[in-house]
There are 2 protein chains.
Amino acid sequence: MTSQDLNSLKVSRDRLLTDLHYTCQWGTGKRWGENTTDTGMRRLALSDTDKQARDWFVETTKAAGCTVTIDAMGNIFAVRPGKRSGPPTFAGSHLDTQPSGGRYDGILGVHAAVEMLHVLNENHIETEFPIGVVNWTNEEGARFPISMVSSGVWAGQIPLATAHDLVEVTPPRTETLSAALARIGYNGPTEVSHTAIPMAAHFELHIEQGPILESWNRKIGIVTAVQAYRWFTLDVRGRDAHTGTTPLSARADALLTAAKMILHSHRIATKLGCVASTGILTLEPGSTNTIPGHVRFSLDIRARNDGILDKAEEALRRDFAVIAAGEDVGGLNDGATPGKACQVEWRTDSVSSEIDFHPDCIKCVTESAEGVFGAQAKELTAEMVSGAGHDSVYTSKVCPTSMIFIPCKNGVSHNPEEYSTPEDCALGAQVLLGAVLRYDRLRAEKAGREY
Amino acid sequence: MTSQDLNSLKVSRDRLLTDLHYTCQWGTGKRWGENTTDTGMRRLALSDTDKQARDWFVETTKAAGCTVTIDAMGNIFAVRPGKRSGPPTFAGSHLDTQPSGGRYDGILGVHAAVEMLHVLNENHIETEFPIGVVNWTNEEGARFPISMVSSGVWAGQIPLATAHDLVEVTPPRTETLSAALARIGYNGPTEVSHTAIPMAAHFELHIEQGPILESWNRKIGIVTAVQAYRWFTLDVRGRDAHTGTTPLSARADALLTAAKMILHSHRIATKLGCVASTGILTLEPGSTNTIPGHVRFSLDIRARNDGILDKAEEALRRDFAVIAAGEDVGGLNDGATPGKACQVEWRTDSVSSEIDFHPDCIKCVTESAEGVFGAQAKELTAEMVSGAGHDSVYTSKVCPTSMIFIPCKNGVSHNPEEYSTPEDCALGAQVLLGAVLRYDRLRAEKAGREY
Ligand SMILES: [Zn+2]
Ligand SMILES: [Zn+2]
């Protein structure tokens, strides 16, 4: 198969979108617009609606000539045979959504992989090696509270028992992951393992979930890496006191101190070219006329590499101690009243190092995009780093992996209004198809050289 | 009765403290030290334990020769007759506590007033006019969510129906105030009104609930006024976004914006010599990897007078709009990344103007303290402004009123560890006794002049 031949294979935008919206009948969420498909999704992992989408996936891939394997995490692997045997080159993503999610996050990546099967079949293509389509279980971590848990078990990074024992965090908060698997009949017999179910490579098409491609006017993100991140919980302890009777100078105000820390973390991130965010903040005791004696907040810092994160964490640990002591950092205390000291404690919740995707996979995506866009490829594509985690993070630990991003409107995701245009969805699927087939050819070339 | 005579009347420190700790058997709270009385209090208004303390109050004041009247808010008025009839000069406070309160807030003021009765009786003093002791219902607002509600109804400032219909905010959150009154038998037959139950004056001894007297090394605070305060709820709305995929420049971060506002409110308070505090802050959606799109926080600002508060509110309304728009105020944006605008909305929850206590009452307290401390009065007393509200705020609207403060350890109150020394409690009771008797004499002098 020549590059010319590869470029002549076209995904069907209509079939892709029709199928995608068809499966979104299972778990339809909040309406936000007037069109039939202007609703979000609420399809929690291993729920009844997830089972319906899975059943569609199994039937559809079987009908497309695939052998379907289900492992003990409910991951579904559909494999279409090639000229020779060997680990399949996979494309895929996840069918589960956030409780208040959209129609594209994860779902698009699975449907684009299924569309690839249809294109291969209707063009009677026999690939060199088998081609696979995968649906990973509970990627979101929204029902069972570890994200990407099933690719994590498959990659040998998370113990199976840990995953099976997870209890749902959504109401009624009673079912374990293993019980949910059994209830919907997706507790497969196959060992959850990259040796039991090997992959030659893993490609994942996904919406960007951020505003970068849109602001750059690019159609395709060639994802070369995933940001490093670290999650912390901070406890700031001062002293409860009456708002009316306690002069500013006598206060150990845990919330004022936390406010300074949150602003300072933003300044440090600006300085170091990374991001820092607080998404959770709780305080005690919580009444209008009581200065909070205790504030707890989350801190999520992310950077291109571990070196930058090391610097950010070091600066924040040093400066938060100074802020808690009531001393100045960067003019925060300008025009403020010196008060009493607070204490600050750090807990590290999660550490994830930078991930570099595989050069062979990145090359196949780049060449595929060149095939799609021709002379415009430089203007319409961009290499980029993923800010969020995906199943591809875990697969990259045991097999060549990369990702393809398409723009989503206003960068909105994990929200019913998440939206990518049919054109962009189809472009992403087209680039995915070309990348998988190029990887298949690359393997054959390498194997040929080895003969 | 000469000043000499007045100064010879002594409260009993032992009886005062023994009685106080005796009634703290009803509603004993959290232990914080090794002594028998080293516990806090949890005596919610109109609870079973409040009923027991009330029963003790009624029995004790009746035994001390008082006539007891209970009104339809459960306020208890105990009156000891004088030489002539007329509205009694009252002393009193409240027996209810915070859910996690101490042994002195309110309780000391009632016990000091009861001790006054004992001193008058054992010295066979016949006052010019009747002398009263009052226990106000639900001062704390901790069970039924309006503070000082019963003195408020009595003073004609709060409708009786509003008060009766309050539903408890403490578990099980089912009982109304009127049902609670009926259940413990304190729904008295008398109209709740300053005309039905008139007071010639109202004196209240209270712990300071702040650190000022302690830091100044003063034993008695002569309270001349109560701060003005205003309570607001602020809503800051930005946009939920993924912490990993959203660059700092693309964020409308409601929490970062609120953090700047909280720091700025502290700076404005510093500049204007008032206080600003945030005691409640909630956010949505609340996950580590989502930038909050909505933050709600309380803002409590207090100042010596309404003029300063007007300036503070004006400055904050102006500057919060600028901060929400993403523009700089006072260097908050130094070293920060310009982001997207948020919206801010203000809701006014409560407005309380400055209260000036009555010069006659302040004079009686000052002279009483001079009687107690002699030449040391200047060094051991100080005029001061109350930072917190008390039932005396409402009584001052319809009768001459003032308050007496004593130090409390580290300024701590609304906390089990709230503590004042027996010496200071007795000094406070002594000044209260002298102030009430001086006021009684003052009335007689004025009445004499009127004959
Ligand atoms: Zn996803
Ligand atoms: Zn009180």
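These numbers come from a predicted model, not from an experiment.

Enquirer: Looking at this model, I keep getting lost on the coordination of the zinc ion (ligand 2). Mind explaining?
Expert: Tetrahedral coordination by four donors puts the ideal angle at the metal at 109.5 degrees, and octahedral coordination by six puts it at 90 or 180 degrees. All names here are of chain B. The coordination sphere of the zinc ion (ligand 2), as far as protein atoms go, consists of His94 (NE2), Asp105 (OD) and His206 (NE2), spread over 2.0 to 2.2 Å. Look at where the donors of the zinc ion (ligand 2) fall in the sequence and you get H-x10-D-x100-H. Placement of aspartate 105 in the loop between strand S5 (89-94) and helix H4 (107-122) and of histidine 206 in strand S7 (residues 201-207) is noted, with a sequence separation of 101 residues between them. A single burial state applies to aspartate 105 and to histidine 206, both of which are buried.

Enquirer: Explanation requested: the side chain of Asp424(B) in the structure shown.
Expert: All names here are of chain B. For aspartate 424, the position within the fold is in helix H14 (residues 422-450). Under the relative-accessibility criterion, aspartate 424 is labelled buried at 6%. A distance of 2.9 Å separates polar atoms of two side chains, one belonging to aspartate 424 and the other to lysine 219. Not counting chain neighbours up to four residues away, the residues in contact with aspartate 424 comprise Lys219, Ile406 and Pro407.

Enquirer: Got a minute to help me understand the pattern of salt bridges in this structure?
Expert: Opposite charge on two side chains lets them pair, provided their charged atoms get close. Residues and elements named next belong to chain B. Using the criterion set out here, one finds 47 salt bridges over all chains in the structure. Between lysine 219 and aspartate 424 there is a salt bridge; the shortest N-O distance is 2.9 Å. Taken as a pair, lysine 219 in the loop between helix H8 (212-216) and strand S8 (220-226) and aspartate 424 in helix H14 lie far apart in primary sequence, 205 residues in all. Judged by its relative accessible area of 23%, lysine 219 is partly exposed. Where lysine 363 meets glutamate 367, a salt bridge forms, and the shortest distance between an N and an O atom there is 3.3 Å.

Enquirer: Hey, could you run me through the relation of the copies chain A and chain B in this one?
Expert: Superposition of the two copies of the chain requires a rotation about an axis and a shift along the axis. The transformation that overlays chain A on chain B combines an axial shift of 0.1 Å with a rotation of 180 degrees, and the residual RMSD is 0.2 Å. As the rotation angle and translation indicate, the two copies are arranged about a two-fold axis. Taking C-alpha positions as the reference, the residue of chain A nearest the rotation axis is Ala259(A), at 2.2 Å. A share of 100% of interface residues in chain A that are also interface residues in chain B marks the association as one of identical surfaces.

Enquirer: Would you mind showing me how to read the packing of aromatic side chains here?
Expert: Given two aromatic rings, one states the distance between the centres and the angle between the planes to describe the pair. Counted according to the given criterion, the structure contains 22 aromatic pairs over all chains. Arranged with centres 6.5 Å apart and planes meeting at 65 degrees, the rings of Trp32(B) and Tyr419(B) form a pair that is edge-to-face. Taken together, the residues Trp32(B) in the loop between strand S1 (28-31) and strand S2 (39-41) and Tyr419(B) in the loop between strand S18 (401-406) and H14 connect sequence positions 387 residues apart. When its relative accessible area of 31% is taken as the criterion, Trp32(B) is described as partly exposed. The partly exposed category is assigned to Tyr419(B), whose relative accessible area is 27%. Note on Phe232(B) and Trp346(B): the rings are 5.1 Å apart at their centroids and 80 degrees apart in plane angle, and the pair reads as edge-to-face. Of this pair, Phe232(B) sits in strand S9 (residues 228-237) while Trp346(B) sits in strand S15 (residues 343-352), and the two are 114 residues apart along the sequence. Following the ring pairs from residue to residue traces out a cluster consisting of Phe77(A), Phe90(A), Trp136(A) and Trp154(A). Lying across the ring of Tyr229(B), Arg302(B) places its NZ or CZ 4.7 Å from the centre.

Enquirer: Just to check I follow, could you spell out the confidence of the model for chain A for this structure?
Expert: When pLDDT drops low, the exact placement of atoms in the prediction is not to be read closely. In the predicted model, chain A carries a mean pLDDT of 96, and 99% of its residues have values of at least 70. For this predicted complex, the interface confidence reaches an ipTM of 0.87, while the overall pTM sits at 0.87.

Enquirer: Would you mind going over the packing of helix H3 (residues 48-63) of chain B against H4(B) with me for this structure?
Expert: When two helices pack together, their arrangement is captured by the angle between the axes and the distance separating the axes. All names here are of chain B. The N-to-C vectors of H3 and H4 enclose an angle of 20 degrees; their axes lie 10 Å apart at closest approach. Regarding the angle of H3 to H4, the classification is roughly parallel. The chirality of how H3 crosses H4 is left-handed. Two secondary-structure elements touch here, H3 through Trp56, Phe57, Thr60 and Thr61 and H4 through Val110, His111, Val114, Leu117 and His118.

Reading the values: the criteria
Residues numbered from 1 in each chain as written. Chains lettered and ligands numbered in written order. Predicted model: local features only at pLDDT ≥ 70, side-chain atom pairs only at ≥ 80, totals over all residues. Heavy atoms only, no water. Donors = N, O, S within 2.8 Å, 3.2 Å for Na, K, Ca; no water. Helix = DSSP H or I, 4+ residues; strand = E, 2+ residues; numbered from the N terminus. Buried < 20%, exposed > 50% of the residue type's maximum accessible area, 1.4 Å probe, protein only. Polar contact = N/O pair within 3.5 Å; in protein donor to acceptor, adjacent residues only side chain to side chain. Contact = heavy atoms within 4.5 Å. Salt bridge = Lys/Arg side-chain N within 4 Å of Asp/Glu carboxyl O. Least-squares fit on C-alpha atoms with pLDDT ≥ 70 in both. Phe/Tyr/Trp six-rings, centres within 6.5 Å; stacked < 30°, edge-to-face > 60°. Lys NZ or Arg CZ within 6 Å of the ring centre and 35° of its normal. pLDDT = per-residue confidence, 0-100. Axes fitted to C-alpha atoms, helices over the stretch in contact; angles between N-to-C directions. Parallel < 35°, antiparallel > 145°, perpendicular 65-115°, else oblique. Left-handed = near helix turned anticlockwise from the far one by under 90°.

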